[in-house]
Amino acid sequence: MSRLDQILENIETYHPEADLAAVRRAYEHAAAAHEGQTRKSGDPYVTHPLNTAHIITELKLDVASVCAGLLHDAVEDTSMTVEELSEEFGTEISFLVDGVTKLGKLPYTDREDRQAENFRKMLLAMSKDIRVILVKFCDRLDNMRTLEHMPAHKQERISNETMQIYAPLAARLGIQWVRVELEDLCFKYLHPDEYESLKTAVAQTKVERQRYIEEVEGLLRNQMAESEIACEVKGRAKHLWSIRNKMKRTGRTYEEIHDATGFRIVTEDLGQCYAALGIAHSKWKPIPGRFKDYIALPKPNMYQSLHTAVIGPKGERIEIQIRTKEMNQVAECGIAAHWKYKEGKSGVVAGDDEEKLAWLRRMMESQRDLKDPAEFIESVKLDLFGDEVYVFTPNGDVKSLPKGACPIDLAYSVHTQVGDHCSGARVNGVIVPLRYQLRNGDTVDIITSPAQKPNKDWLKLVKTSRAKTKIRHKLRQDHRDRASELGRELLEKELRKFGRSYTKSLKSGDVERAATKLKCHSVEDLLCQLGYGKHTAMQVREVLVPDDVAAKKDTDDAGNSFTKILRKVTRRNNGSGIKVQGEDGILVRYARCCSPLPGDKITGFITRGRGVTVHTKGCTKALDMDPDRRIEVEWDDGFVGQHPVAIQVLCADKPGLLATISQSFSDTGVNITQAHCRATEDHRAVNTFHAIVSDLKQLKLVIRALGRINGVYSVDRVSGDHQS
């Protein structure tokens, strides 16, 4: 049976009256558009749209989604346009294809900016029609399944993007089977040694594990049958990425992980869920603190289930999830299980389910004004990652916040003004400091004060993207106000030297014309850039004061390029290894918070009187700074230097292991300058090594070497904020 026939057969199973002719027509157009194109594997390119469409049918989506899957690369990779697609297939399908299609060749500074804007475009389309992201998931899943044909550096880049964005987004939308497969595929390419080792270990215990699963399944079925509870019982081994994270979190080997299996009880109705829970707890001893009721308090992604962990047969810990059939469908397919098509209203979730996408609209609303692509991506990640805690307002409303959230997060979720003036909180009637981490079930009353305003320390406390965005905006506005005031003072002083008045120049429009000539958006923007040091008062004066007047006063101040300005307020430094806007010899310094290495993506910020400070693009402190201070920087390929870096190694606390770790550094040519080693109560050791490396490539080499040592649980590069 051909792939197309499988797609058509799948559609008929859940949508007997579907317009299959439209699917055939979409396939014919896709095959014609991609004729002659091949994938890296050598297969005809049309196999990718076919595979994408097949996965879409596994989500049981409508004909328009399947057609979009078949045509999703036609606009991007062929001569077909969105307008032609709309004429041939209608606006519904063309909208879905356009939402999935990457942006055209626009003048972005680098790949990261382009990726961020592509993702922003997709999210905007997704907020209007959820099918956009569902089609994209299927596209990404097929790409990940065939990633072995790509070069190693692309495997790493695509897997990183998938792990950081698409897998968490699938989890946020509740599509668990997609999340699980994406995570395991990313694991394979991001940590190949760990993946193969764990895969082998799991395979060696597969027979024994399956025997145990069947034994527990039988016991649970018998218990439920005795109590006349009609249900399905299914056991499963946890997926590899989940086991790996458990090993890293607990510092155990695979052999020491005793809860690598989970069991699901699917009942007929809600009452049977709680009855089944009571039976499981009466048979086996429950583990304190491991019971969670997501039926009474559903997750934001619509997930509902009872979770518990018990000491099962042979003393092994087992996890049990209990839910109804409808809840199970939502748990597996998430938003796709709720999606319904209504005539004349495409891409909606019907009825009460409309509210279940409200988080996405709130997320897009809070990030609408973020112009910096890196900050946008960082903000979205905050919304996608992490577990939730559920707290109550004094009125009894339930608020969902990320784990580790503080009262400031709650305050900003209520209103920006409440957040800006949050001075404290009463939790369960007791006044707590702003650093207090909210817990499930807390009742929180926010205390405000007109004199209170955000400060930098708040950024270390908050967990929500909304709070971070609002705090950064307020701090930047304060910085801009101060910079603007300083810029005005500098310009007034410069103009007075030539008998000119700033006020008169402003009223006449001369200052505005100077701003335009210096490529500033407004007079306010010009003053801010003067205050930051990105432009000088001399530059503005040269525009405002006629050349003959200026020549009489000063003939030595000629030249207004940015490079000359920086060199005037700083000293030359020919050994930095950094080019600023293509020029070398400008004073730069490396930020201690992120310690950038050659090979890292970097960005620069002007610091008045101190040249340019270089951060990695992902540095959170760089994201806190005003984008107006940013300047283009790049590594000087011809420069060879040594750079400090900190590496944290979590390992077993056993004799001889530290010597082996030290030898591994030496074998890769890396010199340790300092080491901090401490043992923990659970027989582990946390070691932070300060070392000197030449570039990112050498750092990755030593991290891989350390990760292969028996007894080492994890190896991470740490920033200045996290060095012990």
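Described below are features of the structure shown in this document. (Residues numbered from 1 in each chain as written. Predicted model: local features only at pLDDT ≥ 70, side-chain atom pairs only at ≥ 80, totals over all residues. Heavy atoms only, no water.)

**Section: the overall build of the chain**
Helices and strands together make up the secondary structure of the chain, namely 32 helices and 21 strands. Evaluated residue by residue, the chain yields a buried proportion of 49% over its 724 residues. For the chain, restricting intrachain contacts to residue pairs at least 6 apart in sequence, the fraction spanning at least 24 positions comes to 65%. (Helix = DSSP H or I, 4+ residues; strand = E, 2+ residues; numbered from the N terminus. Buried < 20%, exposed > 50% of the residue type's maximum accessible area, 1.4 Å probe, protein only. Contact = heavy atoms within 4.5 Å.)

**Describing the sheet that holds strand E16 (residues 630–631)**
Spatially, 4 strands are ordered E13-E15-E14-E16 in an open sheet, and the strand pairing comes out mixed. Of all the strands in the sheet, the pair left with one neighbour each is strand E13 (588–590) and E16. Where strand E14 (residues 602–607) lies against strand E15 (residues 611–616), 6 bridges are found, and the strand directions are antiparallel. Note that in E15 the partner of Thr-603 across the bridge is His-615. (Pairing = 2+ DSSP bridges.)

**A closer look at the state of the cysteines**
Taken as a whole and judged by the stated rule, the model has 0 disulfides. Unpaired in this structure, Cys-594 has its nearest cysteine sulfur neighbour in Cys-619, at a distance of 3.8 Å. Overall, the relative accessible area of 10% leaves Cys-594 in the buried class. (Disulfide = S-S within 2.5 Å.)

**Topic: the environment of Ser-282**
On the secondary structure map, Ser-282 appears in helix H15 (residues 270–283). At a separation of 2.7 Å, a polar atom in the side chain of Ser-282 contacts the main-chain carbonyl oxygen of Ile-279. (Polar contact = N/O pair within 3.5 Å; in protein donor to acceptor, adjacent residues only side chain to side chain.)

**Here we look at the pairing of strand E5 (residues 306–311)**
Counting buried positions along E5 gives 5 out of 6 residues, so the element sits mostly inside the fold. As judged from the 2 bridges shared by strand E3 (residues 285–286) and E5, these two strands associate in the antiparallel manner. What sits directly across from Pro-286, in E5, is Val-310. In terms of strand pairing, strand E4 (residues 292–293) meets E5 through 2 bridges, oriented antiparallel. Each bridged residue has a counterpart across the sheet, and for Asp-293 the counterpart in E5 is Leu-306. Relative to strand E6 (residues 317–324), E5 runs antiparallel, the two being bridged by 6 bridges. The residue bridging Thr-308 from the neighbouring strand is Ile-320, located in E6. Between E5 and E6, which follow one another and run antiparallel, lie 5 residues, and Lys-314 among them has a positive phi close to 65°.

**What about the pairing of strand E8 (residues 398–402)?**
Pairing of strand E7 (residues 388–392) with E8, which is carried by 5 bridges, proceeds in the antiparallel orientation. Note on E8: the bridge partner recorded for Val-391 is Lys-399. Hairpin connection, E7 to E8: the antiparallel pair is bridged by 5 residues, and Gly-396 has positive phi, about 95°.

**Structural notes on the packing of aromatic side chains**
What the rule picks out here adds up to 5 aromatic pairs. When the ring of Tyr-294 is compared with that of Tyr-303, the centres are 6.1 Å apart and the planes differ by 70°; the resulting orientation is edge-to-face. For Tyr-294, a relative accessible area of 12% puts it in the buried group. Since its relative accessible area comes to 9%, Tyr-303 is described here as buried. Here the aromatic residues Phe-187, Tyr-195 and Trp-241 are joined through ring pairs into a cluster of three or more. (Phe/Tyr/Trp six-rings, centres within 6.5 Å; stacked < 30°, edge-to-face > 60°.)

**Here's the deal with unusual backbone geometry**
Trans peptide bonds make up the majority, and among non-glycine residues the majority have a negative phi. If you check the backbone angles, Asn-428 has positive phi at about 55° while not being a glycine. Mapped onto the secondary structure, Asn-428 falls in the loop between strand E9 (422–427) and strand E10 (430–432). Judged by its relative accessible area of 48%, Asn-428 falls in the partly exposed class. In this structure, Ser-595 is a non-glycine residue whose phi angle is positive, near 45°. Summarising the element assignment, Ser-595 is placed in the loop between E13 and E14.

**Comments concerning the sheet that holds strand E18 (residues 643–652)**
With antiparallel pairing, 4 strands are arranged side by side in an open sheet as E19-E20-E18-E21. The sheet terminates laterally at strand E19 (671–679) and strand E21 (712–718), the two strands that pair on one side only. Within this sheet the neighbouring strands show an average axis-to-axis angle of 20°, counted without direction. Judged from the 10 bridges that link them, E18 and strand E20 (residues 684–693) form a sheet pairing that is antiparallel. Along E20, the bridge assignment pairs Ala-646 with His-690. Of the strands in this sheet, E18, E20 and E21 touch helix H14 (residues 240–250), which is tilted by about 95° from E20. Against the sheet, helix H32 (residues 696–707) contacts E18, E20 and E21, and its axis sits at roughly 160° relative to E21. (Axes fitted to C-alpha atoms, helices over the stretch in contact; angles between N-to-C directions.)

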